[in-house]
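Structure assessment
Residues per chain, in single letters:
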Amino acid sequence: MLERGMHGQWNSNLTFLLTATGSAIGLGNIWKFPYITGEYGGSAFVLMYLVCIALVGLPIMVAETLLGRRGRLSPINGLRHVALESGRSARWQAVGYLGVMTGLLILSFYTVIAGWAMRYVWTTLSGAFSGQSAQQVGEHFNQLLQNPGAMVFWHSVFSVMTAGVVMAGVTKGLALVSRWMMPFLFAALLLLLIYAAWAGDFARGFAFMFHFEPEKLTAKAVLAALGHSFFTLSLGMGAIMAYGAYMPAQAPIGKTIVWVASLDTLVALVVGLAIFPIVFAVGIAPNSGPGLLFVSLPVAFGAMPLGALVGSLFFMLVAVAAWSSAVSIIEPGVAWLVESGRFSRFSATLALALSAWALGLLTVLSFNHLADFKPAWLLHRTFFDFFDLLTAQVLLPLGGVLMCVLVGWLMQKRVLLDELEGDASRWFPLWRFLVRFVSPLLVIWVMSATLMESLGK
Ligand code: TRP
């Protein structure tokens, strides 16, 4: 029989804060945010993103943490417990299964991109980009993409790093990585920002991100912003729920989550404020594709003082941020397999990491042998683009809406008040209103618009 809370809880809320922040800050902030900001023309996207974080991300993150702490088990079994407690169907655990599958899909491409970053730590340090033109650096990146062997190698290295930490356990692995890595991350970022302000074109970078031009505020920008707010906060698949299960009983959920979301948003903005000035400084337009980080930025570093060193530090930051995120993507599935009693932590992690690794080969091939394989059943996209779209813009928001329904409409108010006791009660009505109406309706509207648009293509 499953005993609630059998895995114990962290004795300090700081551990939850660090692990949740470690999960939130990752490739989403450093790789994805700048390039979609570039893609949607800058400021309008940034503003929409901030609105989405406030109206959708924050309320759902509180709901997901609350679900996790109330369940005190893996997301799958925890959801079952929480639903039964309020007299609802045990089938709500399906949201947990959905999350585990979503996690496998996300991890499969996440480790490939993180692998690129790891490779660039060395390439940049070696000075290979010094004085190179945009074309030459672009060529270099292309060569990597055309080389499945190299990509699989780094994909594997990163997968092993991720699995290693997860095998070490929640407290001795996941929490420890975040505890050591977060300070490094913030220090490196601060250094980068100072560097950007000193050597970059700060005014132009700043204007690109914050100069408001209403005509850029297209529906597509809104959709991308919403999908990204789920991805960047690690919402909708149970990662935050899995960590919430270890949160101390008395800790204030709302207050802690405001910290996590603020830190995550701050990092995204600071990364933008570091990257765009550097890119503008060497007079290139921000490349709007996934290559922004791997082409425009190395070109800029190659032309700047101390570029090899600072550039390498930057890619190290990317890899480390991705590391503390990747572990959270796989944890819900691992926790569930361990609870089943049929797996040790080692074998559970091995099974899931290996599955994600194998699935990741499709992402590797999406950039070379299968680059032109865009069948209708992948919505005319490569596997990689399809997985990205499916997870960020469909599965995560879907998970988020289901959590809103459960927390906002089906759970007993008494339970919610009980879990949110540590927070100021004056916020409760506003939060509940957002979770019941605003967040789910916004998400449903955005999801249907996205789906219709992609099907129409
Ligand atoms: N939030 C991380 C990032 O921005 C990625 C991530 C970690 C994630 N865990 C997740 C995304 C769970 C979705 C769901 O890079």
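Please read these numbers as outputs of a predicted model, since none were measured by experiment.

Conventions we followed
- Going along each chain's sequence as written, the residues are numbered from 1 onward.
- Only residues with pLDDT of 70 or above have their local features reported here, since the model is predicted, and side-chain atom pairs are shown and tallied only from 80 upward, although totals for entire chains, interfaces and linings are computed over all residues.
- Side-chain numbers come from the whole structure's heavy atoms, not from hydrogens or water.
- Think of it this way: any DSSP run of H or I at least four residues long counts as a helix, any run of E at least two long counts as a strand, and we number them from the N terminus.
- For the radius of gyration, the atoms used are the C-alpha atoms, and the globule rule reads 2.2 Å times the number of residues raised to 0.38.
- With a 1.4 Å probe rolled over the protein chains alone, any residue whose accessible area is under 20% of its type maximum counts as buried; one over 50% counts as exposed, and the rest are partly exposed.
- The accessible surface values rely on the Shrake-Rupley method and a 1.4 Å probe; as for residues, cover is taken only from the protein chains in view.
- In this tally, Asp and Glu contribute negative charge and Lys and Arg positive charge; neither His nor the terminal groups of the chain are included.
- Where a charge sits is defined by one atom per residue type, namely NZ (Lys), CZ (Arg), CG (Asp) or CD (Glu).
- Any residue with a heavy atom lying within 4 Å of a molecule or strand is counted as near it.
- Counting of polar contacts relies on pairs of N or O atoms within 3.5 Å, with two restrictions inside protein: one atom must be capable of donating a hydrogen and the other of accepting it, and residues adjacent in sequence are counted only when both atoms are side-chain atoms.
- Definition of nonpolar core: a set of buried residues of the types Ala, Val, Leu, Ile, Met, Phe, Trp, Tyr and Cys, connected through side-chain atoms within 4.5 Å.
- Two residues form a contact once any of their heavy atoms are found within 4.5 Å.
- When two rings of Phe, Tyr or Trp (its six-membered ring) have centres within 6.5 Å they constitute a pair, described as stacked for plane angles under 30 degrees, edge-to-face for angles over 60, and tilted for the intermediate range.
- Geometrically, a charge over a ring is one whose NZ (Lys) or CZ (Arg) sits within 6 Å of the ring centre while staying within 35 degrees of the ring normal.
- Interaxial angle, 0 to 180 degrees, is taken between N-to-C directions of lines fitted to C-alpha atoms, where a helix line uses only the stretch in contact.
- When describing relative orientation, an angle under 35 degrees is termed roughly parallel and one over 145 degrees roughly antiparallel, while 65 to 115 degrees is termed roughly perpendicular and anything else oblique.
- Note: crossing handedness is left-handed where the near helix turns anticlockwise from the far helix by less than a right angle, and right-handed where it turns clockwise.
- Think of it as three bins: nonpolar holds Ala, Val, Leu, Ile, Met, Phe, Trp, Tyr, Cys and Pro, charged holds Asp, Glu, Lys and Arg, and polar takes everything else, Gly as well.
- Two distance rules govern patches: like charges are joined within 9 Å, and nonpolar side chains (Val, Leu, Ile, Met, Phe, Trp, Tyr) within 5 Å, applied only to residues with over 30% relative accessible area and no salt bridge.
- The rule for a salt bridge is simple: a side-chain nitrogen of Lys or Arg has to be within 4 Å of a carboxyl oxygen of Asp or Glu.
- Expected span of a helix, by definition, is 1.5 Å for each gap between consecutive residues, and there is one gap fewer than residues.

1. Some thoughts on the overall build of the chain
- Looking only at helices and strands, one finds 18 helices and zero strands in the chain.
- Compactness check: the chain gives a C-alpha radius of gyration of 21 Å against a globular reference of 23 Å for 457 residues, within 12% of the reference.
- Dimensions of the chain, computed from the C-alpha atoms along their principal axes, are close to 65 × 50 × 45 Å.
- Across the 457 residues that make up the chain, the buried fraction comes to 61%.
- Summed over all atoms, the accessible surface of the chain reaches about 17400 Å², with 68% contributed by carbon and sulfur.
- The averaged location of the 19 negative side-chain charges in the chain is 7 Å from the averaged location of its 25 positive side-chain charges.

2. As for unusual backbone geometry
- For Arg72, which is not glycine, the phi dihedral falls at a positive 50 degrees.
- Among the secondary structure elements, Arg72 is positioned in the loop between helix H3 (43-71) and helix H4 (75-85).
- One non-glycine residue with positive phi stands out, namely His380, at about 60 degrees.
- Mapped onto the elements, His380 comes out in the loop between helix H15 (345-365) and helix H16 (383-410).

3. Here's the deal with the site of the ligand
- Leu27, Gly28, Tyr110, Phe231 and Ser234 are the nearest of the 17 residues found near the ligand.
- In the model, an oxygen atom of the ligand is placed 3.0 Å from a nitrogen or oxygen of the Ala24 main chain.
- Here Leu27 contributes a backbone N or O atom positioned 3.0 Å from an oxygen atom of the ligand.
- Protein coverage of the free-state accessible area of the ligand, which is 360 Å², stands at 100%.

4. Looking at the nonpolar core
- By size, the foremost hydrophobic cluster in this structure holds 166 residues, and its most contacted members are Trp116, Phe314 and Trp431.
- Leaving out residues up to four positions away in the same chain, Trp116 has contacts with Phe141, Leu144, Leu145, Met151, Phe294 and Phe367.

5. Focus on the packing of aromatic side chains
- Counted by the stated rule, this structure contains 37 aromatic pairs.
- Geometrically, the ring pair formed by Tyr40 and Phe45 is stacked, given 5.9 Å between the ring centres and 15 degrees between the ring planes.
- A residue is classified by how much of its surface remains accessible, and Phe45, at 0% relative accessible area, is buried.
- Relative to Phe387, the ring of Phe383 lies with its centre 6.0 Å away and its plane at 50 degrees, an arrangement referred to as tilted. Taken together, the residues span about one helical turn, with Phe383 and Phe387 both in helix H16 at a distance of four residues. For the pair Phe383 and Phe387, a shared accessibility class is recorded, and that class is buried.
- Positioned above the aromatic ring of Phe231 is the side chain of Lys32, whose terminal nitrogen or guanidinium carbon lies 4.0 Å from the ring centre.
- Positioned above the aromatic ring of Trp409 is the side chain of Arg436, whose terminal nitrogen or guanidinium carbon lies 4.1 Å from the ring centre.

6. Remarks on the packing of H3 against H16
- The N-to-C vectors of H3 and H16 enclose an angle of 65 degrees; their axes lie 10 Å apart at closest approach. Relative to H16, the element H3 is oriented roughly perpendicular. Where H3 crosses over H16, the handedness of that crossing is left-handed. Here Ile60, Ala63, Glu64 and Leu67 of H3 lie close against H16, whose contacting residues are Gly400, Met403, Cys404, Leu406 and Val407.
- Grouping the amino acids of the contact of H3 with H16 by side-chain chemistry returns seven nonpolar, one polar and one charged.

7. Considerations on a nonpolar patch on the surface
- On the surface, a nonpolar cluster with roughly 490 Å² of combined accessible area is contributed by Trp409, Phe433, Phe437, Leu441 and Ile444.
- The leading source of residues in the nonpolar patch is helix H18 (residues 428-456), at four residues.
- Looking at the secondary structure, you find Trp409 in helix H16.

8. Some points on the pattern of salt bridges
- Enumeration over the complete set of coordinates arrives at six salt bridges.
- Note that Glu419 and Arg69 form a salt bridge whose closest N and O atoms lie 2.7 Å from each other. Of the two residues, Glu419 sits in helix H17 (residues 413-419) while Arg69 sits in helix H3, which places them 350 residues apart along the sequence.
- With a relative accessible area of 9%, Glu419 lands in the buried category.
- For Arg69, a relative accessible area of 3% corresponds to the buried category.
- Note that Arg70 is salt-bridged to Asp418, the shortest N-O span being 2.9 Å. Taken as a pair, Arg70 in helix H3 and Asp418 in helix H17 lie far apart in primary sequence, 348 residues in all.

9. Observations regarding the packing of helix H1 (residues 13-24) against helix H12 (residues 253-281)
- It is the contact of H1 with H12, at a shortest axis distance of 9 Å, that shows an interaxial angle of 35 degrees. With respect to the hand of their crossing, H1 and H12 are arranged in right-handed fashion. Contacts from Asn13, Phe16, Leu17, Ala20, Thr21 and Ala24 of H1 reach H12 at Thr256, Ile257, Trp259, Val260, Leu263 and Asp264.

10. Here we look at H12
- When the terminal C-alpha atoms of H12 are compared, their 42 Å separation across 29 residues agrees well with the 42 Å that a helix rising 1.5 Å per residue should span.
- The element H12 is extensively covered by neighbouring structure, given that 23 of its 29 residues are classed as buried.
- Just beyond H12, the residue with positive phi is Gly283, at close to 75 degrees.

11. A closer look at the side chain of Ser366
- If you trace the backbone, Ser366 turns up in the loop between H15 and H16.
- A polar atom in the side chain of Ser366 sits 3.5 Å from the backbone nitrogen of Phe383.
- Setting aside anything within four residues of it in sequence, one finds Ser366 in contact with Ala371, Thr382, Phe383 and Phe384.

12. So, the environment of Gly227
- Tracing the chain through its elements places Gly227 in helix H10 (residues 219-232).
- On the basis of relative accessibility, which here comes to 5%, the residue Gly227 falls in the buried class.

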